[in-house]
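Observations on chain architecture
This is what each chain is made of:
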Amino acid sequence: MSDTIEKVKCLIIGSGPAGYTAAIYAARANMKPVLYQGTQPGGQLTTTNEVENFPGYPEGITGPAMMMELQAQAERFETDVRDGWITKVDFSGDVHKVWVNEEKEIHAETVIISTGASAKYLGLESEQKYLKLGGGVSACAVCDGFFYRNHEVVLVGAGDSACEEAHYLSKLCKKVTMLVRRDEFRASKIMAARVKNTENIEILFNTETEEVLGDGQVVTGVRVKNNKTNEAHDIPATGFFVAIGHKPNTDIFKGFIDLDETGYIKYAKPGTSKTNVDGVFVSGDAADHVYRQAITAAGTGCMAALDAERYLAAKDSTFEVSTSNYN
Ligand code: NDP
């Protein structure tokens, strides 16, 4: 139990494009936002090399550089950006209680959840090595596929995301080899049929990844093994895409915030950022398993700040909705 409880008007949890955009809007609306960065400051984009699809960067920008710019923009309007990890919440009463690093207690009038989702990886040492080097391992075909135009790539996964990503890559790449660990897809029939009918996608069933091969800097291929015959072989490739699902970072909200069966936060009212708890809003990938883009996360971050501002104005007649966000 902390000695002193801090009271804040607007607490933002998470530091990806959703969190920082919410902060920019909340700060400009005099909500004096406090933003906790979490364990991966900058969010998923810090594992992306080049971002070429965020409007406003005609030459592209690296993921980490973009996140530093978003942080600087939020701080320019005096967002209080802090190191720290939210370890517990209690949204059962009128006051939204939040604990930082299991110690500090904060009471927030509004909370904006922007905790994102984490891509799942296979966990192979070689996969993690080339992921960290930015050398050809990716969990986002829409973000990184463009860098593999006319190349041969390998993609692992058999769900709807994998099929969607394989199909996306097939339009850019010379060849996509899809590794499916069982003898069937998990994806819906229509999505599976689409990849089966695409000429430059080769599907290897009962096939698992043994190792991502490389020259120490970049990926050069993938060693795979048929789990029925135990036969292994190498596939030449410059890109290794992992599409085995995402995990939304929402565990701490269980019991307070309505989640769907896979852990994504449910919107209480479609077309808004409202959750089932008054005064608690959500933005970004924590509630989005479909689009998962930096720009859509930023858009919902803006929505969450505007919804929080209106919530405060309705609750407290002395808090005026600002005009700056509508200019
Ligand atoms: P899913 O959990 O549906 O699928 C994950 C896939 O990855 C499964 O095929 C699974 O194999 C495979 N996998 C998991 N771990 C490993 C591993 N270690 N090695 C090899 N393969 C592995 O995740 P998705 O991201 O595809 O989809 C999540 C949700 O989003 C689903 O409900 C989906 O329908 C939905 N979605 C809908 C879309 C649409 O309608 N346009 C687009 C994208 C997603 P196995 O089958 O053997 O378990």
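On a predicted model such as this, the values are computed, not experimentally measured, just so you know.

It is worth spelling out helix H6 (residues 189–196) at this point. For H6, every residue scored as buried is listed here: Met191, Ala192 and Val195. Along the long axis of H6, the arc covered by the buried residues comes to 100°, so they all point the same way. Exposed side chains of H6 directed beyond 90 degrees from the buried face belong to Lys189 and Ile190. Looking at the buried side of H6, the elements it contacts are helix H5 (160–170), strand E12 (175–179) and strand E13 (201–204).

To continue, consider the packing of aromatic side chains. One pass over the full model with this rule turns up six aromatic pairs. On the basis of an interplanar angle of 15° and a centroid distance of 6.3 Å, the ring pair of phenylalanine 91 and phenylalanine 253 is categorised as stacked. Taken together, the residues phenylalanine 91 in the loop between strand E6 (86–90) and strand E7 (96–100) and phenylalanine 253 in the loop between strand E18 (246–248) and strand E19 (280–282) connect sequence positions 162 residues apart. Like phenylalanine 253, phenylalanine 91 is buried. Taken together, a centroid distance of 6.1 Å and an interplanar angle of 70° make the contact between phenylalanine 281 and tyrosine 311 edge-to-face. Highlighted residues: phenylalanine 281 in strand E19 and tyrosine 311 in helix H7 (residues 294–315), separated in sequence by 30 residues. Members of the aromatic cluster, joined through ring pairs, are Phe91, Phe253 and Phe256. Sitting above the plane of the tryptophan 99 ring, lysine 88 keeps its charged end 4.3 Å from the centroid. The lysine or arginine in question, arginine 149, covers the ring of phenylalanine 146, its NZ or CZ lying 3.7 Å from the ring centre.

Looking now at the state of the cysteines. Going through the model one piece at a time under the given rule, you end up with one disulfide. Bridging cysteine 140 to cysteine 143, the disulfide has an S-S length of 2.1 Å. Handedness here is read from the sign of the S-S torsion; for cysteine 140 and cysteine 143, about 70°, the answer is right-handed. Here cysteine 10 is not disulfide-linked; the sulfur of cysteine 302 is the nearest cysteine sulfur, at 13 Å. Overall, the relative accessible area of 0% leaves cysteine 10 in the buried class.

The three strands are arranged E14-E15-E16 in an open sheet whose pairing can be described as antiparallel. Each edge of the sheet is formed by a strand with only one pairing partner; in this case those strands are strand E14 (207–214) and strand E16 (232–236). Strand-to-strand, the axes of this sheet are offset by a mean angle of 25°, without reference to chain direction. As paired elements, E14 and strand E15 (residues 219–226) share seven bridges and run antiparallel to each other. Note on E15: the bridge partner recorded for threonine 207 is asparagine 226. Sheet contacts for helix H3 (residues 125–133): E14 and E15; angle to E14, the most-contacted strand, approximately 45°.

Attention shifts here to the domain arrangement of the protein chain. Segmentation of the protein chain into domains returns domain 1 (6–118 + 246–326) and domain 2 (121–242). Domain 1 puts eight residues into the contact, and the matching count from domain 2 is nine residues. Summed over the shared surface of domain 1 and domain 2, the number is zero salt bridges. Between the two partners, domain 1 and domain 2, sit one residue pair in polar contact (both at pLDDT 80 or more). By residue class, the composition of the side of domain 1 that touches domain 2 is no nonpolar, five polar and three charged.

Calculation notes
Residues numbered from 1 in each chain as written. Predicted model: local features only at pLDDT ≥ 70, side-chain atom pairs only at ≥ 80, totals over all residues. Heavy atoms only, no water. Buried < 20%, exposed > 50% of the residue type's maximum accessible area, 1.4 Å probe, protein only. Helix = DSSP H or I, 4+ residues; strand = E, 2+ residues; numbered from the N terminus. Arc of directions from axis to C-beta. Contact = heavy atoms within 4.5 Å. Phe/Tyr/Trp six-rings, centres within 6.5 Å; stacked < 30°, edge-to-face > 60°. Lys NZ or Arg CZ within 6 Å of the ring centre and 35° of its normal. Disulfide = S-S within 2.5 Å. Pairing = 2+ DSSP bridges. Axes fitted to C-alpha atoms, helices over the stretch in contact; angles between N-to-C directions. Domains from an automatic or database assignment. Salt bridge = Lys/Arg side-chain N within 4 Å of Asp/Glu carboxyl O. Polar contact = N/O pair within 3.5 Å; in protein donor to acceptor, adjacent residues only side chain to side chain. Nonpolar A, V, L, I, M, F, W, Y, C, P; charged D, E, K, R; others polar.

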